[in-house]
Amino acid sequence: MTKNVPLAKQPASGDYAWLGAEAGSVADHMYMLNTEDWVEAINSRFVNELLNDELPEEVLKAYLIQDFKFYDNGMMGRLIKLAPRQETKDMLSKQAQWFEDNETTYFEHFIKAYNISQQEYDETEQTPANKEYGEYLESLADKGWPVLVAAMCCMEWVYLAWAKRTVDASVVQQIPAHKGWVDLHEGELFRAWVGNLIALVNEYCSVNGPEAEVFRTMVHLERRFFEDSYQLD
Ligand SMILES: Cc1ncc(C[n+]2csc(CCO)c2C)c(N)n1
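Residues numbered from 1 in each chain as written. Predicted model: local features only at pLDDT ≥ 70, side-chain atom pairs only at ≥ 80, totals over all residues. Heavy atoms only, no water.

**Student:** What is the right way to read the pattern of salt bridges from this model?
**Tutor:** Under the defined criterion, the tally for this structure stands at 14 salt bridges. In this structure, Glu58 engages Lys61 in a salt bridge whose closest nitrogen and oxygen atoms are separated by 3.8 Å. Of this pair, Glu58 and Lys61 both sit in helix H4 (residues 57-71), three residues apart, which is roughly one turn of the helix. Relative accessible area serves as the criterion here: at 55%, Glu58 is assigned to the exposed category. Judged by relative accessible area, Lys61 falls into the buried class, the value being 15%. Its salt-bridge partner being Arg85, residue Glu203 comes within 2.7 Å of it at the nearest N-O pair. Of the two residues, Glu203 is situated in helix H11 (residues 188-204) and Arg85 in the loop between helix H5 (75-82) and helix H6 (86-113); the sequence distance between them amounts to 118 residues. For Glu203, a relative accessible area of 43% gives the class partly exposed. Here the residues in one salt-bridge network are Asp37, Arg223 and Glu227, joined through shared partners. (Salt bridge = Lys/Arg side-chain N within 4 Å of Asp/Glu carboxyl O. Helix = DSSP H or I, 4+ residues; strand = E, 2+ residues; numbered from the N terminus. Buried < 20%, exposed > 50% of the residue type's maximum accessible area, 1.4 Å probe, protein only.)

Encoded structure:
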């Protein structure tokens, strides 16, 4: 029987102290900048239906196409290039390899399993939010390390936050594509990854710098990306 995964609560300062975003830290401040869009994103219809195994297959397929197109956004490469310390470059490279081995494999597997042809993939236009999001990330390319760190942290933290809902509720999805998408964004390794990004935000970002606006904008784009899953013909 499908259980209803509870909605995430309104964000509060200190929620992610356990991952390094202590109340009053730069990362915590970023987290609290745009709580309306944050909640709407992680409690979106798409996430609810995925976590409750009630997502129409057509919506899942459309999302998989959209997100695979989004996923190759060049952010990891830019971060690795700009990282100020070798140990940070190594951490990022290791994570990039993990994504290649796990997330890329997920997309390839399920795109095949749901009979999405190369032609359908190629001919599907990006949704407005996806296009805008990709262009926005492109526009950040030359804005420097702190901005890129804030952007990556936001993008991954939002994903951890929606996936955490089901882990907190001890609900395991029965549909492999749903469980697989959760498993890619929750668990020891993904938490450590987001924790590393939070630490970098605390070290390099400023609440008064352009990074804060980037974080705020990205949360909004994440919300719209999910919403666009339902505006496909
Ligand atoms: C809309 C959207 N936002 C965030 C993620 C999470 N995410 C973004 S890039 C990446 C891997 C590194 O390139 C991961 C896990 C997603 N999949 N789709």
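Okay, back to it.
**Student:** I keep staring at the site of the ligand and nothing clicks. Help me out?
**Tutor:** Asp67, Glu103, Glu156, Tyr159 and Glu222 are the nearest of the 13 residues found near the ligand. The side chain of Glu156 places a nitrogen or oxygen atom 2.8 Å from a nitrogen atom of the ligand. Put simply, the parts of the chain that give the shell around the ligand at least two residues each are H4, H6, helix H9 (145-168), helix H10 (176-185) and helix H12 (210-227). Each residue belonging to the shell around the ligand can be placed in one class, and the counts come to eight nonpolar, one polar and four charged. (Near = heavy atom within 4 Å. Polar contact = N/O pair within 3.5 Å; in protein donor to acceptor, adjacent residues only side chain to side chain. Nonpolar A, V, L, I, M, F, W, Y, C, P; charged D, E, K, R; others polar.)

**Student:** What am I meant to see in the packing of H9 against H12 here?
**Tutor:** Packed helices, taken two at a time, are described by their axes: the angle between them and the distance between them. Put simply, H9 and H12 touch, their axes get as near as 9 Å, and they point 35 degrees apart. Between H9 and H12 lies a crossing whose hand is right-handed. Note on element contacts: H12 touches H9 through Pro210, Glu211, Val214, Phe215, Met218, Val219, Glu222 and Phe226, opposite Pro146, Val147, Ala150, Ala151, Cys153, Cys154, Met155, Trp157, Val158, Tyr159 and Trp162. Its residues assigned to classes, the contact of H9 with H12 shows 17 nonpolar, no polar and two charged. (Axes fitted to C-alpha atoms, helices over the stretch in contact; angles between N-to-C directions. Left-handed = near helix turned anticlockwise from the far one by under 90°. Contact = heavy atoms within 4.5 Å.)

**Student:** Would you mind showing me how to read a negative patch on the surface here?
**Tutor:** A cluster of acidic side chains, namely Asp72, Glu100, Asp101 and Glu108, defines a negative patch on the protein surface. Here Asp72 shows up in the loop between H4 and H5. (Patch = residues over 30% accessible without salt bridge, like charges linked within 9 Å, V, L, I, M, F, W, Y side chains within 5 Å. Areas by Shrake-Rupley, 256 points an atom, 1.4 Å probe, with all protein chains shown as cover. Lys, Arg positive; Asp, Glu negative; His and termini not counted. Charge placed at Lys NZ, Arg CZ, Asp CG, Glu CD.)

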